[in-house]
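As a plain string of letters, each chain reads:
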Amino acid sequence: MSLKSQSTSGGSRASFHHACPRCGSPEVRRLAVIHETGLMTAPSAETGGHERSALAKYAAPPVQRSVVWWGTLAGAAVVVALVSLARVGLGTLLAGGVAVIAAMFAFHASRYNRVVYPGLHDLWARSYMCGRCGDIFAE
Ligand SMILES: [Zn+2]
């Protein structure tokens, strides 16, 4: 009686086995999946519901910075500064300062969205959370 297990099935890359690097548990789930299922789960009266939605928030993807908001503020401040040029004073200085600062924020936000954000989102999409110890790790 000799049962030979079929161990040589070639390079089975499709069924890549993920395990937690900290505790070795195979109960790992993608952050994207946790986030989606958490959002779809209706908040129940049970104690589990609250924790689940909190977990979904924790597993949420990175957020892009608002370029539009800062751009709008900069534009509005420029308009105020130009209008106040009729009577140059502290208001002109303040509006000019706000315009410069808001424009800088808009510039940094747009740079963040173009340079930093794609990497963060990519890392998030490849990240898993361990169901046993809660460790988060990338693929
Ligand atoms: Zn673990």
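Quick notes on the rules
Residues numbered from 1 in each chain as written. Predicted model: local features only at pLDDT ≥ 70, side-chain atom pairs only at ≥ 80, totals over all residues. Pairing = 2+ DSSP bridges. Helix = DSSP H or I, 4+ residues; strand = E, 2+ residues; numbered from the N terminus. Axes fitted to C-alpha atoms, helices over the stretch in contact; angles between N-to-C directions. Parallel < 35°, antiparallel > 145°, perpendicular 65-115°, else oblique. Left-handed = near helix turned anticlockwise from the far one by under 90°. Contact = placed C-beta atoms within 7 Å.

A. Up close: the pairing of strand E2 (residues 127-130). Two elements, strand E1 (residues 28-30) and E2, share three bridges in a ladder whose sense is antiparallel. In the strand pairing of E2, Arg-29 is matched with Met-129. Joining the antiparallel neighbours E2 and strand E3 (residues 136-138) is a turn of five residues, in which Gly-134 adopts a positive phi near 80°.

B. Expanded view of the sheet that holds E2. Read across the sheet, three strands follow the order E1-E2-E3 without closing on themselves; strand pairing throughout is antiparallel. Pairing within the sheet leaves two strands with one partner each, and these edge strands are E1 and E3. Taken over all neighbouring pairs, the strand axes of this sheet differ in orientation by 35° on average, direction set aside.

C. How the structure looks around the packing of helix H3 (residues 67-83) against helix H4 (residues 90-125). Running from N to C, H3 and H4 point in directions that differ by 160°, and their axes come no closer than 8 Å. By the criterion of interaxial angle, the relationship of H3 to H4 is roughly antiparallel. Crossing angle aside, the handedness with which H3 passes H4 is left-handed. The residues of H4 that touch H3, namely those facing Val-67, Trp-70, Gly-71, Leu-73, Ala-74, Ala-77, Val-78, Val-80 and Ala-81, are Thr-92, Ala-95, Gly-96, Val-98, Ala-99, Ala-102, Ala-103, Phe-105, Ala-106, Ala-109, Ser-110 and Asn-113.

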